[in-house]
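Coordinate analysis (summary)
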Amino acid sequence: MDNLVKRAKELLENKTVQVVIGYEAGPTGVIRPAFITDPEKAGKLIYNDKCDQNLAVYLTKKEVKNFGKMAIVATLPVMRSIMMLISEQQLFAESIVVLGISADGNLLDIADINIMQGYIEKSDLSNPEKYKALLAELNKLNPEEKFAYWQKELSKCIKCYACRQACPMCYCTRCTVEVNQPQWIPVQANTHGNMEWHILRAMHLAGRCISCGECGRACPVGIPCHLLTMQLTDQVYTYFKVYAGTSDKMNSVLSTFEPNDKESFII
Amino acid sequence: METTRKLIRKQSVEKLYNALTSNRQVYAPVVAADKQIEYRYNPGFAEVTFGHIRSTLSVKNVVFPKVENLFFYTNARSESTITDIDMSRIPEVVLWGAHPCDNAAFDTLRSIFCWDIKDEFFSKRLEKLAVIGLSCHLSDEYCFCTSVGLSPDSKKGSDILLSLLKNGDYHADILTEKGNEIVKSAADLFETVSDEKEVITEVKQKFSHEQVTSKLSAAFEHPFWVENSLRCIGCGACAYVCPTCACFDIQDETRGKNGKRYRSWDSCGFGLFTLHTSGHNPREVQSQRWRQRIMHKFSYMPERNESLGCVGCGRCSSGCPVDMNIAEQLEALQNI
Ligand code: SF4
Ligand code: SF4
Ligand code: SF4
């Protein structure tokens, strides 16, 4: 990843950006996000197949934005998250530089949003293979079995909201679960409260989830909550032929009415 | 009480476990289908693990459940009634096979819940709890009990502490009256000690907690906090898996005329935790919340509760989605 380090160093040296968001190996060897502000420290940056956190979550974090213009190491899911954030007016295209990383781990030349859009459009946007297999297994179950599966999984949930915090698209400063006048979602982490929380989370991400799997990766108790949003990604594609995060001018599928929308799912 | 040491043979451990599960709720660790270590009530002995390093969640929920109902109410136009929780229904529980760090945490929790007013729910649950601890013969890079004044075989918090011997038998240190009662109920299983050696893991000391505490008193405004918490995403994972984190939220849940008030786990890592009704938030950004987490455990608690707020179990670090390694940060803090 010499190219990445070189490019990051340049961007910091010529003051194009004030911070580079990328990955480093911590002292115990665990890969984690790095925030490089000093060009001399650019050498800390690495990229390998263990760098799977979706870094776009930091583009809306106050203390990171405070640095100024940000460069971000961006694999396909990160690029798609960036598109989502721009289209939902959470981010200005001018406030970032994208250090794109191709599927085989090489630095891409992403000069602007249009080039990024071109790269995204050429890519396979369906759910990643490893998740497709899990979803196919789940979809073999009948509705009762599926419900029982999720009830068992969700009973483990402790409502730490790591899934929400890890997701770039969960940027609301006041999440519905935090509203208590009226209280929409029970605060308690019991079967009922957990079910409602996960249904809410999945519905708010329907048509907005870009299939990075970050929520499931973040969950400390190992609930595969990413499969809920990925299932909806599949369904949104089936009905509307749209994948999230493909352009900076997208309208959210589920909050936009088109006269020719299919309505076959309305009973 | 004078503590005594006995021997319990490998085969007798199973008999003891079965005797306890026959008339009590025994909360014991098992390896779940997804390889996570979970505690369950009365699993079959064959399922119980003796070789785990740390369970994903701590065992604090036996005294501080993730949801605790405080009372039920009915709101009628003319009058409202409150029904208290029947404390006599809180069951006797035997915690089986929990490690010394987790057991020491009950003392830490007591120093919080019974600091001024004795919390009745916590106290009742603790009173009904007997702890058969298990010294650690395994550890990993996240463990740091020896940096916070404990060790892989510390006795704090256990009523009986089992320690594995080279030949597979166990030493049983009988530490309290509760422990003694259990031993008496199965006296024939406990024998005189042999000179077989114990297998106790070694945990390297990473920092001096005294030094960390002394450094923290002048570190409130240090740039360390922002630099080292940029990657923190502000979830509750670290607090919820932690055996000593005790913050809770109180909520009412009403259906028609009836409702209940309960408390449930909360975390100082959440932005909402300190948000005032006015809109002002004294801990506006994540670095301030991360600072609070460390300050509370290593500065405010030693000062006010005469107890550290951390037992070195390493869960917050192994469970954190972005590798906020607390031992690494404490090591750095002792030298700032
Ligand atoms: S990260 Fe896991 S445990 Fe935490 S709220 Fe999400 S599903 Fe529940
Ligand atoms: S330190 Fe880790 S687990 Fe704790 S709030 Fe931050 S990201 Fe979540
Ligand atoms: S702060 Fe971390 S290491 Fe310390 S007791 Fe809590 S979870 Fe364990």
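Residue indices follow the written sequence of each chain, beginning from 1 at its first position. Chain letters and ligand numbers both follow the written order, the letters beginning at A and the numbers at 1. With the structure being a predicted model, the display of local features is reserved for residues of pLDDT at least 70 and the display and counting of side-chain atom pairs for 80 or more, all residues being used for whole-chain, interface and lining totals. The basis for every side-chain value is the complete set of heavy atoms in the structure, and neither hydrogens nor water enter the calculation.

**Digging into the interface of chain B and chain A**
Note on contacts: a residue pair is in contact if any heavy atoms of the two residues lie within 4.5 Å. Counting residues at the interface gives 43 residues for chain B, matched by 41 residues for chain A. Accessible area, probed at 1.4 Å, shrinks when two parts are joined; the buried area is that loss added up over both. On the chain B side of the contact with chain A, Lys66, Leu230 and Ile233 of chain B bury the most area, a combined 19% of that side's loss. Take a side-chain nitrogen of Lys or Arg and a carboxyl oxygen of Asp or Glu: if they are within 4 Å of each other, that pair is a salt bridge. Where chain B touches chain A, the interface holds four salt bridges. Across the salt bridge formed by Glu328 of chain B and Arg32 of chain A, the nearest N and O atoms sit 3.0 Å from each other. Counting of polar contacts relies on pairs of N or O atoms within 3.5 Å, with two restrictions inside protein: one atom must be capable of donating a hydrogen and the other of accepting it, and residues adjacent in sequence are counted only when both atoms are side-chain atoms. Linking chain B with chain A are 23 residue pairs in polar contact (both at pLDDT 80 or more), by the criterion used here.

**Thoughts on the domain arrangement of chain A**
All names here are of chain A. Note: domain ranges come from an automatic or database domain assignment. Domain boundaries in chain A define domain 1 (2–121) and domain 2 (129–255). Taken over C-alpha atoms, the centre of domain 1 sits 25 Å from the centre of domain 2. Across the boundary between the two partners, domain 1 contributes 20 residues, which contact 19 residues of domain 2. Roughly 1,700 Å² of surface becomes buried between domain 1 and domain 2 when both sides are summed, with 58% attributable to carbon and sulfur atoms. Taken as a group, Arg80, Met84 and Glu88 account for 31% of the area that domain 1 buries against domain 2, more than any other trio of residues on that side. Taken together, the connections running from domain 1 to domain 2 amount to one salt bridge. The partner of Arg208 in a salt bridge is Glu88, with the nearest N and O atoms 2.8 Å apart. Remark: the boundary between domain 1 and domain 2 carries five residue pairs in polar contact (both at pLDDT 80 or more). Listing elements by their share of the side of domain 1 that touches domain 2, those giving two or more residues are α3 (76–87) and α4 (113–122). Only DSSP runs of H or I reaching four residues or more are called helices, and only runs of E reaching two or more are called strands; each is numbered from the N terminus.

**Comments concerning the domain arrangement of chain B**
All names here are of chain B. Segmenting chain B into domains produces domain 1 (1–66 + 83–205) and domain 2 (206–336). Taken over C-alpha atoms, the centre of domain 1 sits 26 Å from the centre of domain 2. Counting residues at the interface gives 34 residues for domain 1 and 37 residues for domain 2. Buried area between domain 1 and domain 2, summed over both chains or domains, comes out near 2,900 Å², and the portion from carbon and sulfur atoms is 59%. Per-residue buried area on domain 1 facing domain 2 is highest for Lys60, Tyr142 and Phe144; these three make up 22% of the total on that side. Note that Asp102 is salt-bridged to Arg315, the shortest N-O span being 2.8 Å. Elements with a minimum of two residues in the side of domain 1 that touches domain 2: α2 (100–113) and α3 (120–127). A total of nine residues in the side of domain 1 that touches domain 2 trace back to one element, the largest contributor, which is α2. Side-chain classes are defined by residue name, with Ala, Val, Leu, Ile, Met, Phe, Trp, Tyr, Cys and Pro counting as nonpolar, Asp, Glu, Lys and Arg as charged, and the others, Gly among them, as polar. Class assignment for the residues of the side of domain 1 that touches domain 2 results in 18 nonpolar, nine polar and seven charged.

**Looking at helix α10 (residues 226–240) of chain A**
Residues and elements named next belong to chain A. To estimate how far a helix should reach, multiply one less than its number of residues by 1.5 Å. In this model α10 runs 21 Å from its N-terminal to its C-terminal C-alpha over 15 residues, within 8% of the 21 Å that 1.5 Å per residue would give. Three or more residues of α10 are buried, namely His226, Leu227, Leu228, Thr229, Met230, Gln231, Leu232, Thr233 and Val236. The elements touched by buried residues of α10 are α5 (129–139), α6 (143–154), α8 (191–205) and α9 (214–218). Once α10 finishes, Lys241 follows within two positions and takes phi at roughly 55°, a positive value. Type-normalised accessible area, obtained with a 1.4 Å probe on protein chains alone, sets the label of each residue: buried when under 20%, exposed when over 50%, and partly exposed for intermediate values.

**Focus on the side chain of Arg80 of chain A**
Note on placement: Arg80 of chain A falls in helix α3. If we ignore the near neighbours within four places in the chain, the residues touching Arg80 of chain A are Ile120, Leu125, Ile210, Tyr243, Ala244 and Gly245 of chain A.

**What to know about the state of the cysteines**
Throughout, a disulfide means two cysteine sulfur atoms within 2.5 Å of one another. Inspection of the entire model under this criterion finds zero disulfides over all chains. Cysteine Cys170 of chain A shares no disulfide, and the gap to the nearest cysteine sulfur, in Cys167 of chain A, comes to 4.3 Å. Overall, the relative accessible area of 25% leaves Cys170 of chain A in the partly exposed class. You can see Cys136 of chain B has no disulfide; the closest cysteine sulfur is in Cys101 of chain B, sitting 5.9 Å from it.

**With respect to the side chain of Arg208 of chain A**
Residues and elements named next belong to chain A. Here Arg208 lies in the loop between α8 and α9. Polar contacts involving the side chain of Arg208 include one to the side chain of Glu88, which spans 2.8 Å. Arg208 has contacts with Met84, Glu88, Met169, Tyr171, Ala244 and Ser252, leaving out every residue within four places of it along the chain.

**Some thoughts on the pattern of salt bridges**
Counted under the stated rule, the structure contains 30 salt bridges over all chains. Notably, a salt bridge pairs Arg5 of chain B with Asp173 of chain B, separated by 2.9 Å at the nearest N-O pair. Of the two residues, Arg5 of chain B is situated in strand β1 (residues 4–8) and Asp173 of chain B in strand β9 (residues 170–174); the sequence distance between them amounts to 168 residues. Residues joined by salt bridges that share partners form a network here, namely Glu24, Arg32 and Lys44 of chain A together with Asp323 and Glu328 of chain B.

**Regarding the sheet that holds strand β2 (residues 25–31) of chain B**
Residues and elements named next belong to chain B. Pairs of strands are assigned from DSSP output, requiring at least two bridges between the strands. The eight strands lie next to each other as β3-β2-β6-β7-β8-β9-β1-β10, forming an open sheet whose pairing is mixed. The outermost strands of the open sheet, each flanked by one partner alone, are β3 (37–41) and β10 (190–191). Lying on the sheet, helix α4 (residues 177–185) is in contact with β7 (129–134), β8 (160–164), β9 and β10; it crosses β7 at an angle near 80°. Axis lines are fitted to C-alpha atoms, over the contacting stretch for helices. Their N-to-C directions set the angle, which ranges from 0 to 180 degrees.

**Side note on the site of ligand 2**
Any residue with a heavy atom positioned within 4 Å of a molecule or strand is treated as near that molecule or strand. Neighbouring ligand 2 are Cys232, Ile233, Gly234, Cys235, Ala237, Cys238, Trp290, Cys320, Pro321, Val322 and Met324 of chain B. A per-class count over the shell around ligand 2 returns 10 nonpolar, one polar and no charged.

**Things to note about the site of ligand 3**
Residue and element names in this part refer to chain B. Surrounding ligand 3, one finds 13 residues, the nearest of these being Cys242, Cys310, Cys313, Gly314 and Cys316. Among the secondary structure elements, those contributing two or more residues to the shell around ligand 3 are α8 (286–304) and α9 (315–319). Looking at the shell around ligand 3 residue by residue, the classes come out as eight nonpolar, two polar and three charged.

**Description of a nonpolar patch on the surface**
All names here are of chain A. Side chains of Ile199, Met203 and Leu254 sit close together on the surface and give an oily, nonpolar patch of about 300 Å² of accessible area. Positionally, Leu254 belongs in the segment after α10. Accessibility expressed as a relative area gives 45% for Leu254, which makes it partly exposed. Grouping into patches uses exposed residues only, defined as over 30% relative accessible area, and leaves out salt-bridged ones; the cut-off is 9 Å for like charges and 5 Å for nonpolar side chains (Val, Leu, Ile, Met, Phe, Trp, Tyr). Per-residue accessibility takes into account occlusion by the displayed protein chains alone, with areas from the Shrake-Rupley method and a 1.4 Å probe.

**A short note on the pairing of strand β1 (residues 19–25) of chain A**
Residue and element names in this part refer to chain A. Of all seven residues in β1, six are buried; the element is thus mostly enclosed. In this sheet, strand β3 (residues 70–74) lies alongside β1 in parallel orientation, the contact comprising three bridges. Paired with Ile21 across the two strands is Ile72, which belongs to β3. Sheet topology places β1 next to strand β2 (residues 31–36); six bridges connect them, and they run antiparallel. When the bridges of β2 are listed, Ile21 appears paired with Phe35. Counted between consecutive antiparallel strands, the loop separating β1 from β2 contains five residues, among which Gly29 sits at a positive phi close to 95°.

**Notes on the nonpolar core**
In this structure, Leu59 and Ile82 of chain A together with Phe298 of chain B are the most contacted members of the largest nonpolar core, which totals 137 residues. With seven residues, the single largest contributor to this core is α3 of chain A. Contact partners of Ile82 of chain A, with chain neighbours within four places excluded, come to Leu59, Ile72, Ala74, Leu91, Ile96, Val98 and Met116 of chain A. Among buried residues, those of type Ala, Val, Leu, Ile, Met, Phe, Trp, Tyr and Cys that are joined through side-chain atoms within 4.5 Å constitute a nonpolar core. By size, the runner-up hydrophobic cluster in this structure holds 26 residues, among which are Ile8, Val13, Ile132 and Leu189 of chain B.

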